[in-house]
Amino acid sequence: MVTEAEKLLAHEFAEALGISKKTLMQYEREGKLPSAKRYQSGKLLYRYYTPEDLIIARQKLNIPPPFPIQRRQLFMNLKGGVGKSVLSYNYAYRVAKLGIKTLLIDLDAQAHLTTYAGLHPEKIKLTLYNVLLEDLPIDMAIQHTSLPTLDIVPSNLTLSPLELSLFGRHAREYRLQRALQPIKDKYQLIVIDAPPNLSLLNVNAILSVQDLIVPVMADFFSYDGLRLLFESLAQFRKDLVYELENVYVLLNSFNALETVCQQSRKALETHYKDYLLKTIVRKSTTFSKSTAAQQSVFELEPSSKAAQDIDSLVQEILGFSYQSQANSKHKR
Ligand SMILES: Nc1ncnc2c1ncn2[C@@H]1O[C@H](COP(=O)(O)OP(=O)(O)OP(=O)(O)O)[C@@H](O)[C@H]1O
Ligand SMILES: [Mg+2]
């Protein structure tokens, strides 16, 4: 049974492949692509596709994946409550919906991401604890979500003592990097949600990714956390070998009517110009509603500001997307 969450409409499917809807129909008629699936809404029969159909279609049409090698990205800020979990989940969800095999990794013992993805942390038997300390193959800690293209390495409170247990271990900073090696070809995107600190676990995460995405909210403390993070990164550069290619600062929960938001934006533009993303995620109650419902903002309110902003985040960072439903309703 295909869930509502998995369905892609014909224009979305075509746009994600980079072809017109007309060409898509033609390919289906010619047998170059399998025919669409159908669902009934009222008296009308609509065609739909799934993210897995996108993977197959890209192979059949020889369309290279939107980014050629595995990308690993970390959402991190030393400050808590800036939107790391909510943004990383929706970002990964959106990319997975576009037919990219994506893995989420929950590094936080609070397990917000795990819960958001619809899993029960207390029922999880194997976590990164077993992977990083007992050399359990990471494959065994991976769980599926309701979207077949989106998997997760969940977390729970067993992660709390990991920090202490890692001390004294050989190559303790590089354990996550090593654990990810066997799944290099299985996932095209890995998205990690970090807890708000500079623990050994987070150092492991920094050493495992190419991109760091730092959400900041428009307040003084958030800004302070940003400065500390950049200072720490500079320090690491002296001590450890890592391959961060991009550091993106993402202004979150922005409300143009609030003076503090305007001031923060100006300060970020002045001091972090080279890192600041053009995309700004606006304040939206859809985010809190979606965590309560354990659904992505795309399932809950596909036309919301929240969905539009995550869509432009994906587009800006990974360079691909399909037009958001909010802008293309008439195309159905
Ligand atoms: N753009 C936004 N608009 C409105 N609310 C938001 C927005 N972004 C995040 N929030 C809300 O802020 C709260 C904190 O978000 P989240 O849990 O993702 O932060 P976090 O950085 O992961 O926190 P922690 O450091 O505790 O892990 C949540 O209630 C979330 O719904
Ligand atoms: Mg969090």
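The rules behind each value
- Residues numbered from 1 in each chain as written.
- Chains lettered and ligands numbered in written order.
- Predicted model: local features only at pLDDT ≥ 70, side-chain atom pairs only at ≥ 80, totals over all residues.
- Core = buried A, V, L, I, M, F, W, Y, C linked by C-beta atoms within 7 Å.
- Buried ≥ 20, exposed ≤ 12 C-beta atoms within 10 Å, placed from the backbone.
- Contact = placed C-beta atoms within 7 Å.
- Domains from an automatic or database assignment.
- Helix = DSSP H or I, 4+ residues; strand = E, 2+ residues; numbered from the N terminus.
- Nonpolar A, V, L, I, M, F, W, Y, C, P; charged D, E, K, R; others polar.
- Pairing = 2+ DSSP bridges.
- Expected span 1.5 Å × (residues − 1).

(A) Inspection of the nonpolar core at higher detail. With 85 residues, the main nonpolar core has Leu74, Ala92, Leu104, Ile192, Ala205 and Val214 as its most contacted residues. Leaving out residues up to four positions away in the same chain, Ala92 has contacts with Thr102, Leu104, Leu150 and Val191.

(B) Layout of the domain arrangement of the chain. What the domain assignment lists for the chain is domain 1 (4-60) and domain 2 (71-326). Between the C-alpha centres of domain 1 and domain 2 there is a distance of 30 Å. With 11 residues of domain 1 at the contact, the number on the domain 2 side is 11 residues. Every element with two or more residues in the side of domain 1 that touches domain 2 is listed here: α1 (10-17) and α3 (51-60). Of all the elements, α3 adds the most residues to the side of domain 1 that touches domain 2, at five residues. Taken together, the residues of the side of domain 1 that touches domain 2 sort by class into five nonpolar, no polar and six charged.

(C) Region of interest: the pairing of strand β4 (residues 71-75). When you tally the buried positions in β4, you get five out of five residues, the bulk of the element. In terms of strand pairing, β4 meets strand β8 (residues 189-193) through five bridges, oriented parallel. Residue pairing across strands places Arg72 opposite Ile190, the latter belonging to β8.

(D) Inspection of the environment of Arg94 at higher detail. Along the chain, the position of Arg94 falls in helix α4 (residues 84-97). With 25 C-beta atoms counted inside 10 Å, the residue Arg94 sits in the buried group. Residues Arg94 and Ser296 lie 202 residues apart in sequence; the distance between their C-alpha atoms is 8.6 Å.

(E) Representation of α4. The terminal C-alpha atoms of α4 lie 20 Å apart, and with 14 residues this matches the ideal 20 Å at 1.5 Å per residue to within 8%. The buried fraction of α4 amounts to 14 of the 14 residues, a majority that puts the element mostly inside the structure. Among the residues trailing α4, Gly99 stands out with phi positive, at a value near 80°.

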